[in-house]
Amino acid sequence: MLCLFTLSVEAQQLPVGTYISNAQIDAFIDALPDDAISDRAIRVVDVGGHNAGIFGVFRPQSLPGRAIRHNTSISEIYYILAGTGTLVTGGTLDDEESTGGSRLTGRPNFAGSGISGGVSRVVVPGDVIVIPGNTPHWWSTLETDIRYLIFRPDPENLLELR
């Protein structure tokens, strides 16, 4: 029986892991437009039954954006690389309206003019914020341009592999 188990494990192709260097991340975000909110996939990989995405984001101070809620089970984990701003999470969207299908998942997103009843935090480089799927979130103010990574675990395999 031990022999059968050993053969079964050896026959499986185990993932080797994915490496993205700091230099690659910096180059990727540096190449994003500096006059628009950019949220682009650096890499989306199959991690054994579901996908995981690593996204680079540049958000100029002049464009904090609207409050948003993604209609998905994909959580977002922000890792702040540079810049400072106030991020509001939870609560309910003010003046909620559909913005159409998400370019990432095809499911509708919802936006609003702000958030009522959320938790407001000033975030700085090195901070990590976990935003569960379908949770309203909003950069209410940006003190500077902001650069961050978003890690998106995707239990439904909605993100396109890259």
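Residues numbered from 1 in each chain as written. Predicted model: local features only at pLDDT ≥ 70, side-chain atom pairs only at ≥ 80, totals over all residues. Heavy atoms only, no water.

### Some thoughts on the side chain of Asp-39
Piece 1. Within the secondary structure layout, Asp-39 lies in strand β1 (residues 38–46).
Piece 2. Here the side chain of Asp-39 touches Arg-152 through a polar contact of 2.7 Å, side chain to side chain.
Piece 3. The residues touching Asp-39, leaving out its near neighbours within four places in the chain, are Phe-55, Gly-56, Val-57, Arg-103, Ile-150 and Arg-152. (Helix = DSSP H or I, 4+ residues; strand = E, 2+ residues; numbered from the N terminus. Polar contact = N/O pair within 3.5 Å; in protein donor to acceptor, adjacent residues only side chain to side chain. Contact = heavy atoms within 4.5 Å.)

### Points about the confidence of the model for the chain
Piece 1. Here the chain averages 91 in pLDDT, and 91% of its residues register 70 or above.
Piece 2. Residue range residues 4–8 is modelled with pLDDT below 50. Its contacts to residues more than four positions away, or to other chains, number zero contacts. (pLDDT = per-residue confidence, 0-100.)

### A short note on the sheet that holds strand β4 (residues 76–82)
Piece 1. Read across the sheet, five strands follow the order β1-β2-β13-β4-β11 without closing on themselves; strand pairing throughout is antiparallel. Looking along the sheet, the strands with just one partner apiece sit at the ends: β1 and β11 (128–131). Across the sheet, the mean angle separating the axes of adjacent strands is 20 degrees when strand polarity is ignored.
Piece 2. Two elements, β1 and strand β2 (residues 51–59), share eight bridges in a ladder whose sense is antiparallel. Within β2, the position partnered with Asp-46 by the bridge is Asn-51.
Piece 3. Against the sheet, helix α2 (residues 22–30) contacts β1, β2, β4 and β13 (146–154), and its axis sits at roughly 110 degrees relative to β13. (Pairing = 2+ DSSP bridges. Axes fitted to C-alpha atoms, helices over the stretch in contact; angles between N-to-C directions.)

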